[in-house]
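# What the coordinates show
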Amino acid sequence: MRRFAPLASGSGIPHVVAVIRGEMSPAPASVVPVKFFGGLLAIGGGLALGREGPTVQMGATFGSLLAARVRPVRDQWPALLAAGAGAGLATAFNAPLGGMLRVAERVVRWPAGATGVCVGAAVGGLAWLLPNVVGGSDDLTQQILSGRAAITALPLLFALRFLLGPLSYAAGTPGGLFAPLLVLGAQIGFGCGVLGQHWFPEVVPSPVAFAVAGMAAFFTATVRSKLTGILLVAEMTGSFSLALPMLVASTGAFAVSVLLRNAPIYDTLRERQVARARIGGEAARDVARTTSQASDG
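Predicted model, so just to flag it, every value in this text is computed and none were measured.

### Re the overall build of the protein chain
Counting secondary structure elements, the protein chain contains 13 helices and 0 strands. For the protein chain, the succession of helices and strands along the chain, N to C, is α-α-α-α-α-α-α-α-α-α-α-α-α. When burial is assessed residue by residue, the protein chain has 44% of its 297 residues classed as buried. For the protein chain, the exposed area adds up to about 15,500 Å²; of that, 66% sits on carbon and sulfur atoms.

Below, the structure written as structure tokens:
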């Protein structure tokens, strides 16, 4: 990845947003195969990453490449890039409406290869001990939504997944954040639902409804996008009847996030990526200037 397509690192969504805002250049075609196989290895290897980030970036890259090669739509490349990103998100989650609407601050300062090796070793050890904890978390989410999750193991699972997500993302491999965010929200909501059912059984007939609302609320608090989270969760779970509880929970989560001045995660990641790109560009120019001066001398 570092050799052929450095932009394939991470989620890919911050880069797409930066391109739409004119802060970075579109990704080259090499990002698509590197993102695909890199994501396949990273997610298939057990890292707590989702598939939505890679599919969004690959879709956006296809859109920008199409615009570059078709003269009549060349000036409309931002629209094609956003459309490709939406198609990628829809493919990842089988959620066309959500796809249409949404196109570790301090990582250990080691070389990228060393960081990847250490993270991979840690995740591999965890997979050996607790194989159900690692991966994109689809199985965990389905267990919760079907009411089969063990409430006694929920605190440990939540703590592990909460730490595993940032650790996996720190490796710099291709992988998204949506799926890990959704399972954390489902765990929070399900835990609250079980407690509510224990204390107020007449009011809380099923903890699963709380899990669905928790998914939407946690997504909203982290990404700061209420409607997208609700549509994604509703389409993924088929729980359209819970739209009102999800809206209430998401609105409250959004308000808390704003009051705490918690920046949207993709804005934070985009700013870091743009800053790194600028630093890298300045370093490359300095090297070229030094080389040129040495040659002149």
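### A short note on a nonpolar patch on the surface
A grouping of W128, L129, L130 and L156 is seen on the molecular surface, where their side chains present a nonpolar patch of about 510 Å² in accessible area. Inspection of the secondary structure puts L129 in helix α6 (residues 112–129).

### A short note on the packing of helix α7 (residues 138–145) against helix α9 (residues 178–199)
Relative to each other, α7 and α9 sit at 25°, their axes nearing to 9 Å. Considered as vectors, α7 and α9 are oriented roughly parallel to each other. Note on packing geometry: the crossing formed by α7 with α9 is left-handed. Along the contact surface, α7 presents L140, T141 and I144, while α9 presents V183, A186, Q187 and F190. When the residues that make up the contact of α7 with α9 are grouped by side-chain class, the tally is 5 nonpolar, 2 polar and no charged.

### Describing the confidence of the model for the protein chain
Across the protein chain, the average pLDDT comes to 78, with 85% of residues at or above 70. For the protein chain, the element scoring lowest by mean pLDDT is helix α5 (residues 96–101), at 45; helix α10 (residues 207–223) scores highest, at 88. Low pLDDT, under 50, characterises residues 96–101; the predicted model gives this stretch 15 contacts beyond four residues in sequence or across chains. Within the model, the stretch residues 103–108 combines pLDDT values under 50 with 11 contacts to residues more than four positions away or in other chains.

### A few points about the nonpolar core
Of all hydrophobic cores here, the largest spans 53 residues; its most connected members are F190, V233, M246 and Y266. It is α9 that provides the largest number of residues to this core, a total of 8 residues. Excluding residues within four positions of it along the chain, V233 makes contact with L182, V212, M215, A216, G238 and M246. The next biggest cluster of nonpolar side chains, apart from the first, holds 5 residues, and it includes A5, A8, A27 and V34.

### Some thoughts on the packing of helix α2 (residues 31–44) against helix α3 (residues 52–69)
Close contact between α2 and α3 brings their axes to 9 Å; oriented N to C, the two are set at 165°. Between α2 and α3, the crossing angle belongs to the class labelled roughly antiparallel. Our pair here, α2 against α3, has a crossing hand that is left-handed. Only P54, Q57, M58, T61 and F62 of α3 make contact with α2, whose side of the interface consists of V31, V32, K35 and F36. A breakdown of the residues in the contact of α2 with α3 according to their chemical character gives 6 nonpolar, 2 polar and 1 charged.

### So, the packing of aromatic side chains
Applying the stated rule across the entire model yields 2 aromatic pairs. With a centroid separation of 5.1 Å and 90° between ring planes, the pair formed by F36 and F37 is classed as edge-to-face. A relative accessible area of 46% places F36 in the partly exposed class. Directly above the ring of F254 sits R224, whose terminal nitrogen or CZ lies 5.8 Å from the centroid.

### Looking at α3
Here α3 spans 26 Å end to end across 18 residues, near enough to the 26 Å set by a 1.5 Å rise per residue. By the criterion of burial, α3 is predominantly enclosed, with 14 of the 18 residues buried.

What counts and how
- Residues numbered from 1 in each chain as written.
- Predicted model: local features only at pLDDT ≥ 70, side-chain atom pairs only at ≥ 80, totals over all residues.
- Heavy atoms only, no water.
- Helix = DSSP H or I, 4+ residues; strand = E, 2+ residues; numbered from the N terminus.
- Buried < 20%, exposed > 50% of the residue type's maximum accessible area, 1.4 Å probe, protein only.
- Areas by Shrake-Rupley, 256 points an atom, 1.4 Å probe, with all protein chains shown as cover.
- Patch = residues over 30% accessible without salt bridge, like charges linked within 9 Å, V, L, I, M, F, W, Y side chains within 5 Å.
- Salt bridge = Lys/Arg side-chain N within 4 Å of Asp/Glu carboxyl O.
- Axes fitted to C-alpha atoms, helices over the stretch in contact; angles between N-to-C directions.
- Parallel < 35°, antiparallel > 145°, perpendicular 65-115°, else oblique.
- Left-handed = near helix turned anticlockwise from the far one by under 90°.
- Contact = heavy atoms within 4.5 Å.
- Nonpolar A, V, L, I, M, F, W, Y, C, P; charged D, E, K, R; others polar.
- pLDDT = per-residue confidence, 0-100.
- Core = buried A, V, L, I, M, F, W, Y, C linked by side-chain atoms within 4.5 Å.
- Phe/Tyr/Trp six-rings, centres within 6.5 Å; stacked < 30°, edge-to-face > 60°.
- Lys NZ or Arg CZ within 6 Å of the ring centre and 35° of its normal.
- Expected span 1.5 Å × (residues − 1).

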